[in-house]
Amino acid sequence: MDALFFGGDFGMNISDNSLVDSEVARTQKFMTAGLENYIDENIDGIIKEFEPNELGSIPVVMYHNLVEKEEDEGLYARSYANLRKDLVRLIEEGYVPITTREWVSGKIDVPAGKTPVVLTFDDGHPTDFQFGEDGKPTDECVVGIMESLVGEYPDFVPKATFYLNGPAAFGDYEYDPDKISYLLEHGYEVANHTTNHLNLSTIPIEQAKEEILSQAKRLEAYTGEKRFSFSVPFGEKFDDYDKKIKEGLLGDYYMISSVNVGWCPTYSVYSKDFNELSIDRITCGEDDFELYYWLDDLKNNPEKRFISDGIASAITIPSSLYENYDRERFLNTENRVIVYDDETYKIVNP
Ligand SMILES: [Zn+2]
């Protein structure tokens, strides 16, 4: 169905960071006539073939480091072989990696019929990214393992969000700038996990603020942006977290999203239940309420799952779920909302 996949051909490519700049003050933009025509001509076919549901849930998966042997995995680590196995399962079950930043932007640019998945890696562990002697990512790090799948699955585009803390990402002062530049150039997201990985709920608010801001400034040197995604150390937030962030605790720095240590797939970004400062993640692994449990659940209950319409600028929703759509949040965006009858597949006016 490549013919129906509609990428960034109209200057709306999600991988361009300038696009998400519009989150603060989105302005109403008119879509090009070409895109309007494309939607008009193809949306009926897309609905019948794929039954898109952009109010469904997606997995946001939390990883930390990698280990050589499966028996050393523990709660957060994954072996090299099992990370590869996870990625293969995700690809074969129709998941397409996007970054946290792309998810919260509401411009979901994955092919029709596919489900986004956000892969996150906390703590900037050395096994997340290492260069080999040849200057390429090794086969024993996250970046290298992801990129090794491209030959086997030509449509697979490696993407992940790396939440970094400490003064040197991936435990490596010498290569820190090279690694971060590599990630940014290859479509990964580098994000904020504070500087010292302290429990923000047990330190004074001024110190918590400094923990977040110091890392934000460090990332800004690479991204050129004051806007960042955030992962809360230990999942422990300070009191009135959302309120304080929204009321400007961080000054002219802007937290576009915040992920939790959670246990279930996250609400759709278009849902009224979605809170960008409280995005639940699921742990990697194969036990109850871990990644494999939820992949089974979404396979057995496909109505719960986010299914893309393949058009980044359209939000396609079955009419039975329309009441959950967060109209206010997306009112002034360039997204076009398409609601269709669950039974007849006919487009209905919301
Ligand atoms: Zn951490």
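Just above, that's the structure.
Report on the accompanying structure.

Parameters at a glance
Residues numbered from 1 in each chain as written. Predicted model: local features only at pLDDT ≥ 70, side-chain atom pairs only at ≥ 80, totals over all residues. Helix = DSSP H or I, 4+ residues; strand = E, 2+ residues; numbered from the N terminus. Buried ≥ 20, exposed ≤ 12 C-beta atoms within 10 Å, placed from the backbone. Contact = placed C-beta atoms within 7 Å. Pairing = 2+ DSSP bridges. Core = buried A, V, L, I, M, F, W, Y, C linked by C-beta atoms within 7 Å. Domains from an automatic or database assignment. Expected span 1.5 Å × (residues − 1). Arc of directions from axis to C-beta. Right-handed = clockwise from strand over helix to strand, strands pointing away.

**Examining the overall build of the protein chain**
Here comes step 1: Along the backbone of the protein chain there are ten helices and 13 strands.
Here comes step 2: Relative to its 350 residues, the protein chain shows a buried fraction of 40%.
Here comes step 3: Expressed as a percentage of contacts within the protein chain between residues at least 6 apart in sequence, the contacts between residues at least 24 apart total 67%.

**Comments concerning the sheet that holds strand S12 (residues 336–340)**
Here comes step 1: One open sheet accounts for three strands, arranged S11-S12-S13; its pairing is mixed. Two strands lie at the open edges of the sheet, namely strand S11 (314–318) and strand S13 (347–348), each paired on one side alone.
Here comes step 2: Of the pairings in the sheet, the one linking S12 to S13 comprises two bridges and is antiparallel in character. Within S13, the position partnered with Val339 by the bridge is Val348.

**Concerning the pairing of S11**
Here comes step 1: Burial analysis of S11 places five of its five residues in the buried class, which makes it a mostly covered element.
Here comes step 2: In S11, alternate side chains face the same way, and those of Ala314, Thr316 and Pro318 on one face and Ile315 and Ile317 on the other are all buried.
Here comes step 3: Of the strand pairs in this sheet, S11 and S12 are connected by five bridges, and their pairing is parallel. Within the sheet, the bridge partner assigned to Pro318 lies in S12 and is Tyr340.

**Observations regarding the nonpolar core**
Here comes step 1: Membership of the largest hydrophobic core comes to 71 residues, with the highest contact counts inside it found for Val61, Val118, Val142, Phe162 and Val190.
Here comes step 2: The two domains that each donate at least three residues to this core are domain 1 (2–52 + 313–348) and domain 2 (60–304).

**Brief notes about unusual backbone geometry**
Here comes step 1: Non-glycine residue His197 carries a positive phi angle of around 55 degrees.
Here comes step 2: One can find His197 in the loop between strand S7 (189–192) and helix H7 (205–223).
Here comes step 3: With 16 C-beta atoms packed within 10 Å, His197 lands in the partly exposed category.
Here comes step 4: Phi is positive for Asp240, which is not a glycine, with a value near 55 degrees.
Here comes step 5: Relative to the assigned elements, Asp240 resides in the loop between strand S8 (227–231) and helix H8 (241–246).
Here comes step 6: For Asp240, a count of 12 C-beta atoms within 10 Å corresponds to the exposed category.

**Some words on H7**
Here comes step 1: Under the 1.5 Å per step criterion, the end-to-end length of H7 is 26 Å for 19 residues, consistent within 8% with the ideal 27 Å.
Here comes step 2: Of the surrounding elements, those touching the buried residues of H7 are S7 and S8.
Here comes step 3: Phi turns positive, to about 75 degrees, at Gly224, one or two residues after H7.

**What to know about helix H3 (residues 80–92)**
Here comes step 1: For H3, which comprises 13 residues, the first-to-last C-alpha distance of 19 Å matches the rise-based estimate of 18 Å (1.5 Å per residue) to within 8%.
Here comes step 2: Leu83, Asp86, Leu87 and Leu90 are the residues of H3 that are buried. With its buried residues spanning 95 degrees around the axis, H3 presents them on a single face.
Here comes step 3: Buried residues belonging to H3 abut strand S2 (66–67), strand S3 (78–79), strand S4 (95–98), strand S5 (115–122), helix H5 (142–148) and helix H9 (291–300).
Here comes step 4: The positive-phi residue at the C-terminal boundary of H3 is Gly94, with phi of around 85 degrees.

**Describing the environment of Asn275**
Here comes step 1: Along the chain, the position of Asn275 falls in the loop between strand S9 (254–259) and strand S10 (282–283).
Here comes step 2: On a C-alpha basis, the gap between Asn275 and Asp242 in space is 9.4 Å, while along the polypeptide they are 33 residues apart.

**With respect to the environment of Asp72**
Here comes step 1: Following the sequence through the fold, Asp72 ends up in the loop between S2 and S3.
Here comes step 2: Those residues in contact with Asp72 that lie beyond four places of it in its chain are Val67 and Ala77.

**What to know about the environment of Asp178**
Here comes step 1: Looking at the element boundaries, Asp178 is found in helix H6 (residues 176–185).
Here comes step 2: Residue class for Asp178 comes out partly exposed when judged on the 13 C-beta atoms lying within 10 Å of it.
Here comes step 3: With 47 residues separating them in the primary sequence, Asp178 and Phe131 have C-alpha atoms 9.6 Å apart.

**Looking at the pairing of S8**
Here comes step 1: Most of S8 sits out of view: four of its five residues are buried.
Here comes step 2: Relative to S9, S8 is paired through five bridges, and the arrangement is parallel. When the sheet's bridge partners are listed, Arg227 is paired in S9 with Tyr254.
Here comes step 3: For the crossover that starts at S8, traverses H8 and ends in the parallel S9, the hand is right-handed.

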